[in-house]
Amino acid sequence: MEEAPGGGAEARARSRQYDYATNSNLVVTTGSPRPRDDPTGEPGALRGRIRARSFGDRALQTRPPELEEKSRGRNARDAADPDLPRRDAKRARRAAGEVGVLSLADEAAYEPRTKETRAANEALLGVIQQQLGGQPPDVLADAADEVLAALKSDRMRDPDRRKEIEKLINPVSDQMFDLLVSIGKLITDFHGASAGAPSGDGTDMTLDDDIGVAVEFEEDEDDSDSNFYQVQDESDEDDTVELNGPRAMQMDGELYDDGMLNCGAGLTVDAQDIDACWLQRKISQAYQDIDPQRSQKLAEEILKAIAEGDDRDVENRLVMLLNYEKFDLIKLLLHNRLQIVWCTSLARAEDEEQRKKIAEEMMSKPRLATILEQLHATRASAKERQVNLERSIWGEAKRLLNNDIAGTDGAMDSSAVDRYIESGWFKGQRQQLDLDNLSFLQGSLLMSNKKCELPPGSFRIPQKGYEEVHVPALRAMPYESAEKIVKISEMPEWAQPAFAGMTQLNRVQSKVYDTALFKPDNILLCAPTGAGKTNVAMLTILHQIGLHMKCGEFDNTKYKIVYVAPMKALVAEVAGNLSARLKEYNVTVRELSGDQNLTKLQIDETQIIVTTPEKWDIITRKSGDRTYTQMVKLLIIDEIHLLHDNRGPVLESIVSRTVHSAANLLDRNNLINYDRRTGYFQVTDLGRIASYYYISHRTISTYNEYLKPTMGYIELCQLFSLSEEFKYVIVRQDEKMELTKLLDHVPIPVKENLEEPGTKINVLLQAYISRLKLEGLSLGSDMIYIRQSAGRLVRALFEMVLKRGWAQLVEKALNLSKMIDMKMWSVQTPLRQFPGIPNEFLMKLEKKELAWERYYDLSSQEIANSPDFQWDDMVHGYVEPFWVLVEDNDSECILHHEYIMLKKQYLDEDHTLNFTVPICEPLPPQYFIRVVSDKWLGSQEVLPVSFKHLVLPEKHAPPTELLDLQPLPVTALRDARFEGLYSSLKHFNPVQTQVFNALYNSDDSVFVAVPTGSGKTICAEFAILRNHQKAVSCETNMRVIYIAPLEALAKERYRDWERKFGEFARVVELTVLVDLKSSKCLAIEEDTYLKTLNLGLIASYYYISYTTIERFSSMLTQKTKIKGLLEVLASASEYAELSSRRGEEESIERLVRHQRFSIENPNSGDPHVKANALLQAHFSRHMVVGNLASDQRKILLSAYRLLQAMVDVVSSNGWLSLALSAMELCQMVIQGMWDRDSVLLQLPHFTKELARRCQENGIESIFNLAQMSADDMRDLLQLPCSQLQDIIGFIKRFPNIAMAYEVCEGDDISAGGNVTLQVTLEHDMTSLPSGTGPVHAPRYPKPKEEGWWVVIGDSSTDQLLAIKRVALQKRARLKLEFTAAAEVGKKDYMVFLMSDSYLGCDQEYEFTVNVKYAGGD
């Protein structure tokens, strides 16, 4: 057999002879099995066995030669006295030169390990901060470590310690140094975390930090220059602690004092802290990335390891399990092994009986009985020790600090000590929760089970590290007698496609089938996961679709459905599911989340929106006109139980804005008045405020409960800090020192202690107003959060107080709101609100302490600027808001309030306000009218209104008593013609009878005040008939004027009296006649007769203002281009009432700068500039949101009828080109695009890039696209099938009009004669069996039908000869007449068919008329 390359078996054997495993039998072994992870001697990875901080830990530091002799002498002295105390092992290694280069910095940081030392360390930090002033926390901590090192140094005497400390924290007084020494004595765990207890023979037997074995230091071991064998001086006697002193405590029957316990400082675990999972949590803390199952398994192994054996055996087992680097955990487990084993057993007991057995076993053993007593004992003794310690430390510290500052001796005031202690400043991190106060009283998360038990038949199987629990499957409930499973085939045929692939509904779905599919009821469905709730939601969707089904067709433009999913990850899944199942209904489903945004157009095109609560909340809140929420007919909220989570306020907001649910909760908090019987509710003032300012119902409820009219700034700031919006703000340990410093610099006192989050919120709010700089990053982050919410929260407080009419608190709340906006206090000079004024100048003014009103009395020489007001756009914008408040005589109650906007363009005009305020007797001496700026501090004016000479009318003017008279018969008129007017009556009623004589038989003035329906009109007719009698007798010829409050009533009275008095009197209906005449809307002939002119007819037909029609007539010329048409349209009077809101100017200016046509001298506060900018934004498809979107909608709704009127005005002047341009402008309004844009942009889903691709392939028009095959269209457009279907649907609806025309009697047309052109229009209905339907115009705010103009014109002279408007359905025939040319011969004319809705479907043709001489060829 040939040997394989490489040597074969023999070669391998030779290579193995040197392996460690082969030679291991030559090594002397102990005979015991090798522990796991014991070194084998073979090569292996160091990963996990060595730490970066250990590199260099064997480095040796050499010493100067002059120290060697000193060291040898010290060693000789130490050898003579072996009982001197030794320092801990780590410091001994460091003294000997064994220093880890990566661990020096880490070992320097001191961390307290007990409550007592933590309190002492914080007291030390406070003293150091007093010495050093405001310093970052890390600087103070480093200084504290160095001070502690000096205090704890055995090589220093007190004078040396003091010098070293003064180098660090500046000179200290004797009392201060004594305080530092006392604090140092209380810190017993400084560098003590890794030290062992001193042995009785003077040697240290301790567990080494790095390798976990006992290390014994020889007596002659060389030490460093650190003198840790120094004999204590007499002055250090105070450092000793009496064994039986007050700090001694007894454990396990033996007496221990603090010094003895110091060996385990920070290692003792309170037995009450150990529960069933305590050990697993400690393992997870030690191993940051450990798997939970591995953590549980390791915890079980540790429990077995520490349960039995002596400490040495247990230590070895733990080292094997946890490795050396987890030695801190090993020490903790060793020190508390009994507590851990037995407390864990008690916590894991399955029932009370087993727990009782474990407790009895513990009571039988003295050491375990102590643990059991600790479990049942209260913590009063520990708390008392801590409080006493804190009192003594802070009492001494405060006394010394006061002495240093004031230079006087004296003890600290006991009340001050109490305030510090009770404030909780130094309370531990762990607090006992009061679960009774946190529990819900019959709330939405009520758990009625007092004991959780497994169902019958369950059993447990213990496994290693875990336990299996087997629970039998639930048996299905038996069917009820009337219960029936709904089969899909039994559902309405139109609803079955949504359940394709299913044969029947399950029991839950069948239970709610009738309600979900056939009733519009609200449904709350609580069922487990997998119970089929999604199919129930589908039934409700089908119900809504079915409501809009007619003749088998679905009208998907009348409704919207919102599906709220709890997470963004579910939004896409739900959207895909619904889209696939509803494709048969042509329903568009889109997702709307943080990752997927929709434009306004896309939302308009969508029937079902799948979104998250937060996203839908933003959408519904920003839509000023609430268009979306008004169209939402169905709201589906998945995981509705989140209403009780932190997302609850968001769900409440969208529910309250979309549907009427969650009403009970809002009713309890006074946000609505809810009628549970009828389901109707009415929004309260509190509800409107909460919705407007986006505030949770709990915050509003808190404000409503605690608001009082006598509150000041202190209480207002305190109430602000209680807002639920800040419930996650906490006080961190490292923030307390900076917060303490801030407390001394804020002007409004804070009553709460520093442990309360409300104190932090209050302080940060004032720090923001004061413009204080913060040092800590966490405080800065919290300030930003508080600042973002402060403005709206305080505004809500202001409006709540305003509604209650508390005058003084209104002033304070409004001032606080403005102080937050301006970042300044009201006591500062208002000039600080203006940027650019030097701070030195402002400070000089504030030192003068002049009242702001005095500044108006100063001359220009006394103050640099003149006090006369000047409007500055950079400072004031275009509007300034003010509040007008009417206060009673004591300025306590607000009797009336009104919000007004002062606009720049009306600055020089007088503003008149009319309002009514109550007044009562005894008459108050005066009321006050206060006008105060909504945003400027110090801007207000108070006007007293004196009632000194006011004479009030009688409180109740006596009415004329209705007499008991015999009703007058109609014959009392004594005129047959007059009696005939009332032939339907036999008698006049009592009111008419009583006034008859005064009105019919006298000329006295009469005031008739009676309820509606009492016959006042006939009373007026009595006076009219008397006036007619006197006119017939030639006594007088006066006219009668009847003034009605409403135009509709005037028209009704005109028609009635025209019929009644028309035979013997002339009845005329009058309006503002002079203006109508000047605007050329009507003419007045012979001062009596009215004649309606063409402009008046147009204005009345399209229902537009006469001022608008006059402007159209005067501004339009034959040379006007599209830009001019747009300007004239925007100048319409209908747009003068557009709101000008604060903060809109910048948005409008931005719109103006980015539009096609510039605007000359644009004033963003001018409503006509706003209309122009929003129209151009509509054509450019620039999206606007919020209030601007609402304004744009109003502009577009008016623009269509204004343009129709403009076409008629232009046509009346006979301007052909301008008329065609106005018609194209109408098309632009409907489709939202420019006339120069590609007509393909009218198609759904088309973008400019897609239109450009079509044009590059020769597709210029919609008709070109319609001629393509489906495959070619798919290849060209590269769109999803659903979008292709939308495009094909549009093409089918796009108007395809066949136009024919003929000149009637074309052979017999003479010069100057009439020409009649007959036009026939026929709509291609091949693909429209159900009619043309509304225009596809997603950017126009309401549905619109097709409209057309037929125009005849002479292009050579640009003259429009005839025009007719037609609404075309299938077929139309019309005739147009115009006058033939005066010249004889052939004359060419043009006929145009113009759409008012679509671009790209207009038609124009040329025809010829042969004009002859009159009466011959």
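Residues numbered from 1 in each chain as written. Predicted model: local features only at pLDDT ≥ 70, side-chain atom pairs only at ≥ 80, totals over all residues. Heavy atoms only, no water.

**Brief notes about the overall build of the protein chain**
Test applied: Here a helix means four or more residues in a row that DSSP labels H or I, a strand means two or more in a row labelled E, and each is numbered from the N terminus. Each residue is assigned to one of three classes by its accessible area relative to the maximum for its type, calculated with a 1.4 Å probe on protein chains only: buried under 20%, partly exposed between the two thresholds, exposed over 50%. Here, two residues are considered to be in contact whenever any of their heavy atoms come within 4.5 Å of each other. To measure how exposed things are, a 1.4 Å probe is used in the Shrake-Rupley method; for residues, cover is taken only from the protein chains shown.
Per the secondary structure count, the protein chain includes 54 helices and 27 strands. Burial status across the protein chain gives 40% buried among its 1417 residues. For the protein chain, restricting intrachain contacts to residue pairs at least 6 apart in sequence, the fraction spanning at least 24 positions comes to 62%. Looking at the protein chain as shown, the accessible area adds up to about 82,000 Å², and 51% of this sits on carbon and sulfur atoms.

**Focus: the pattern of salt bridges**
Should the charged atoms of two oppositely charged side chains come close, the side chains can pair. Threshold: Salt bridge criterion: a side-chain nitrogen from Lys or Arg within 4 Å of a carboxyl oxygen from Asp or Glu.
Using the criterion set out here, one finds 44 salt bridges in the structure. Between D174 and R162 there is a salt bridge, with its nearest N and O atoms 2.5 Å apart. Within this pair, whereas D174 is found in helix α9 (residues 174-186), its partner R162 is found in helix α8 (residues 158-169), the two being separated by twelve residues in sequence. What you see here is one network of salt bridges that share partners, running through R732, E735, K760 and D782.

**Examining the pairing of strand β22 (residues 1314-1323)**
Heads up, the rule is: Strands qualify as paired when DSSP identifies two bridges or more between them.
A large share of β22 lies buried, amounting to eight of its ten residues. Where strand β21 (residues 1297-1304) lies against β22, eight bridges are found, and the strand directions are antiparallel. In the strand pairing of β22, A1298 is matched with E1322. Two elements, β22 and strand β25 (residues 1371-1379), share nine bridges in a ladder whose sense is antiparallel. Each bridged residue has a counterpart across the sheet, and for V1315 the counterpart in β25 is F1378.

**A few points about the confidence of the model for the protein chain**
What counts is decided by this rule: Note: pLDDT gives the predictor's confidence per residue, expressed from 0 to 100.
Summarising the model, the protein chain shows a mean pLDDT of 78, and 78% of its residues fall at 70 or more. Low confidence marks residues 1-13, where pLDDT is under 50. Its contacts with residues over four positions away, or in another chain, come to two contacts. Here residues 76-108 scores under 50 on pLDDT; set against residues more than four positions off or in separate chains, the count is 62 contacts.

**Looking at the sheet that holds β21**
Applied cut-off: Axis definition: a line fitted to C-alpha atoms, over the contacting stretch in the case of helices. Angles run 0 to 180 degrees between N-to-C directions.
Read across the sheet, three strands follow the order β21-β22-β25 without closing on themselves; strand pairing throughout is antiparallel. Two strands close off the open sheet at either side, each with one partner strand: β21 and β25. On average, each strand axis in the sheet is tilted by 20 degrees relative to the strand beside it, whichever way the strands run.

**Considerations on the environment of L742**
Note that L742 resides in helix α33 (residues 736-743). C-alpha separation for the pair L742 and V763, spaced 21 residues apart in sequence, amounts to 7.0 Å.

**Regarding the sheet that holds strand β10 (residues 589-592)**
Ordered in space as β10-β11-β9-β12, the four strands form an open sheet in which the pairing is parallel. In the strand order of this sheet, the two ends are held by β10 and β12 (632-637), each with one partner. Between one strand axis and the next, the sheet turns through 20 degrees on average, direction left out of account. Where strand β9 (residues 560-564) meets strand β11 (residues 608-611), four bridges bridge the pair, whose relative direction is parallel. Within the sheet, the bridge partner assigned to V564 lies in β11 and is T611.

**Description of the side chain of Q766**
Mapped onto the fold, Q766 is located in helix α34 (residues 757-770). Those residues in contact with Q766 that sit more than four places away from it in its chain are V746, P747, I748, V750 and W825.

**Structural notes on the packing of aromatic side chains**
Ring pairs (aromatic) are described by centroid distance and by the angle formed between their planes. This is how it is decided: For Phe, Tyr and Trp, where Trp contributes only its six-membered ring, two rings pair if their centres lie within 6.5 Å, and the inter-plane angle classes them as stacked under 30 degrees, edge-to-face over 60, or tilted in between. A ring is scored as having a charge over it whenever the NZ atom of a lysine or the CZ atom of an arginine sits within 6 Å of its centre and within 35 degrees of its normal.
Within this structure, the stated rule accounts for 31 aromatic pairs. Aromatic pair F996 and F1022: ring centres 5.0 Å apart, planes at 85 degrees, arrangement edge-to-face. Here F996 is found in helix α40 (residues 990-1000), whereas its partner F1022 is found in helix α41 (residues 1016-1032), with 26 residues between them in sequence. With respect to burial, F996 and F1022 carry one shared label: buried. Three or more aromatic residues joined by ring pairs make a cluster, and in this case those are F978, Y1042, W1057, F1061 and F1064. The ring of Y479 is capped by R507, whose NZ or CZ atom sits 4.2 Å from the centre of that ring. When the ring centre of W1349 is taken as reference, the NZ or CZ atom of R1365 above it lies at 5.0 Å.

**Some thoughts on the nonpolar core**
Keep this limit in mind: What we call a nonpolar core is a set of buried Ala, Val, Leu, Ile, Met, Phe, Trp, Tyr and Cys residues that are connected through their side-chain atoms within 4.5 Å.
If you look at the biggest cluster of nonpolar residues, it comprises 118 residues, and the most contacted ones within it are I1109, F1246, L1277 and L1321. The element best represented in this core is helix α49 (residues 1186-1212), accounting for 13 residues. Counting 63 residues, the second largest nonpolar core, distinct from the first, contains V750, Y768, I769 and M824.

**Some points on the environment of Q293**
By secondary structure assignment, the location of Q293 is in helix α12 (residues 292-307). Expressed as a C-alpha distance, the spacing of Q293 and Q280, which sit 13 residues apart in the sequence, is 9.9 Å.

**Some points on a nonpolar patch on the surface**
Note the following rule: Two joining distances apply to patches: 9 Å for like charges and 5 Å for nonpolar side chains (Val, Leu, Ile, Met, Phe, Trp, Tyr), and every residue must have over 30% relative accessible area and no salt bridge.
On the surface, a cluster of nonpolar side chains totalling about 270 Å² of accessible area is made up of I919, L923, L950 and L952. Residue position: L923 is located in the loop between β16 (894-903) and β17 (926-933).

**Points about the pairing of β16**
Here strand β15 (residues 879-887) runs beside β16; their pairing, made up of nine bridges, is antiparallel. The partner of P881 across the bridge, within β16, is M901. The hairpin formed by β15 and β16 contains six residues between the paired strands, and S891 there has a positive phi angle of roughly 55 degrees.

**What to know about the packing of helix α32 (residues 713-720) against helix α35 (residues 777-804)**
Note the cut-off: Any angle from 65 to 115 degrees is called roughly perpendicular, while one under 35 is roughly parallel, one over 145 is roughly antiparallel, and all others are oblique. Crossings are classed by handedness, with left-handed meaning an anticlockwise turn of the near helix from the far one by less than a right angle and right-handed meaning a clockwise turn.
It is at 11 Å that the axes of α32 and α35 come closest, and there the two elements cross at 120 degrees. In terms of their interaxial angle, α32 and α35 are classed as oblique. Between α32 and α35 the crossing geometry is right-handed. Where α32 abuts α35, its residues L716, L719 and F720 lie against I786, A790, L793, V794 and L797.

**What to know about the side chain of T699**
Our working rule: Any pair of N or O atoms that falls within 3.5 Å is considered a polar contact. Within protein, one atom must be able to donate a hydrogen and the other to accept it, and sequence-neighbouring residues count only if both atoms are side-chain atoms.
Here T699 lies in helix α31 (residues 697-706). One polar contact links the side chain of T699 to the main-chain amide nitrogen of E724, over a distance of 3.0 Å. In this view, T699 contacts S723, E724, E725 and L793; residues no more than four positions away in its chain are not counted.

**Details of helix α50 (residues 1216-1231)**
Selection rule: A helix is expected to reach a length of 1.5 Å times the quantity of its residues less one.
Here α50 contains 16 residues, and its C-alpha end-to-end distance of 23 Å stays within 8% of the 22 Å for a straight helix at 1.5 Å per residue. Most of α50 is tucked away, with 13 of its 16 residues classed as buried. Downstream of α50 by one or two residues, G1232 has phi in the positive range, about 70 degrees.

**Some points on the packing of helix α6 (residues 115-132) against helix α7 (residues 137-152)**
How two helices sit against one another is set out by the angle between their axes and by the gap between those axes. Between α6 and α7, the shortest axis-to-axis distance is 10 Å and the interhelical angle comes to 110 degrees. Our classification of the angle between α6 and α7 gives roughly perpendicular. Across the interface between the two elements, N121, L124, L125, I128, Q129 and L132 from α6 touch L140, A141, A143, A144, V147 and L148 from α7.

**Describing unusual backbone geometry**
Notably, R974 is not glycine yet its phi reads approximately 60 degrees, a positive angle. Topologically, R974 is positioned in the loop between β18 (940-946) and α39 (976-980). Exposure remark for R974: the relative accessible area of 58% places this residue in the exposed category. In the Ramachandran plot, Y1103 falls in the positive-phi region, its phi being about 55 degrees despite a non-glycine side chain. Here Y1103 is to be found in the loop between α44 (1094-1102) and α45 (1106-1115). For Y1103, a relative accessible area of 73% translates into the label exposed.

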